[in-house]
Each structure stands twice: as C-alpha cells, then as structure tokens.
Amino acid sequence: MKYFAAFLKMEKPELNQQYRQAHLNFLADLDEKGFIFARGAFADGTGGLVIYQAENEAEAKMLAEQDPYLVNGVRSLHLHEWNKV
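Undergrad: I'm lost on the layout of surface pockets in this one. Help?
TA: Picture a little ball the size of a water molecule; that probe, rolled over the atoms, points out where space is still empty. Here the largest pocket defines a volume of roughly 190 Å³. Around the largest pocket sit 14 residues that line it, and His 23, Leu 24, Gly 40, Ala 41 and Arg 75 are the ones nearest its centre. Contributions of two or more residues to the lining of the largest pocket are made by α1 (13-32), β2 (36-41) and β3 (47-54). When residues in the lining of the largest pocket are grouped by element, the largest group, five residues, is from α1. Of the residues belonging to the lining of the largest pocket, the class tally is seven nonpolar, four polar and three charged.

Structure (structure tokens):
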C-alpha cells in the first residue's frame, strides 16, 4: 500500500458550506473502508489535506476525484505520492 497526499485548494469558498456535509460523509465512508490515513482542513481556510492509502496513483486519483468538493468545483486537486517515515 502506498500513500498519496491530496491537497484540496479552495476555489469557490461561497460553495464550501453547501457541499461540506457531503464531503465529510464521503471521507468518513472511505476512512471506514481503510482508504484514508489522515485528513483535515488547513487552519487558514485555504483548503485541506487528505492522505489516501491506495495501490497506485491511478487508484488514489480515482478515489479523490469522487469527492463532492471536486465534483462540484469547490476545490481543486493536487495529488502527490507521500513517503511516510
């Protein structure tokens, strides 16, 4: 299993609250299924970080792109493989 850091940059703050619960439910479901190592919002309100556990980058990207924040253009995705030490 590899780790992938998904930086979710805020693009449309005016839509954030509208999709927040769907985003949180989505992440809770993936967390329960073992696909998430860590997750949380940036303290300055500019977005958040999700560290996915996946077999490869394609799987991590597929998971991340299903996030309601991304589907609805609220945030943009920057995905990087992450080496946990």
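So much for the structure itself; the text now carries on.
Undergrad: I keep staring at the packing of aromatic side chains and nothing clicks. Help me out?
TA: What characterises a pair of aromatic rings is the spacing of the ring centres plus the angle enclosed by the ring planes. Scanning the entire structure with this criterion turns up three aromatic pairs. On the numbers, 5.8 Å between centres and 90° between planes, the contact of Tyr 3 with Trp 82 is edge-to-face. Residue Tyr 3 is located in strand β1 (residues 2-10), and its partner Trp 82 is located in strand β4 (residues 75-82); the two are separated by 79 residues in the primary sequence. For Tyr 3, a relative accessible area of 18% corresponds to the buried category.

Undergrad: So what exactly am I meant to see when it comes to the side chain of Ser 76 here?
TA: Position of Ser 76 among the secondary structure elements: in strand β4. For Ser 76, a relative accessible area of 19% translates into the label buried. A distance of 2.7 Å separates the side chain of Ser 76 from the side chain of Glu 11, its partner in a polar contact. Excluding anything up to four places from it in sequence, Ser 76 contacts Phe 7, Leu 8, Lys 9, Glu 11 and Leu 70.

Parameters and conventions
Residues numbered from 1 in each chain as written. Predicted model: local features only at pLDDT ≥ 70, side-chain atom pairs only at ≥ 80, totals over all residues. Heavy atoms only, no water. 1 Å grid on protein atoms, 1.4 Å probe; cavity = no way out; pocket = protein on both sides within 12 Å on 5 of 7 lines; lining within 4 Å. Points joined across faces, edges and corners; volume = space filled by probe spheres on them. Helix = DSSP H or I, 4+ residues; strand = E, 2+ residues; numbered from the N terminus. Nonpolar A, V, L, I, M, F, W, Y, C, P; charged D, E, K, R; others polar. Phe/Tyr/Trp six-rings, centres within 6.5 Å; stacked < 30°, edge-to-face > 60°. Buried < 20%, exposed > 50% of the residue type's maximum accessible area, 1.4 Å probe, protein only. Polar contact = N/O pair within 3.5 Å; in protein donor to acceptor, adjacent residues only side chain to side chain. Contact = heavy atoms within 4.5 Å.

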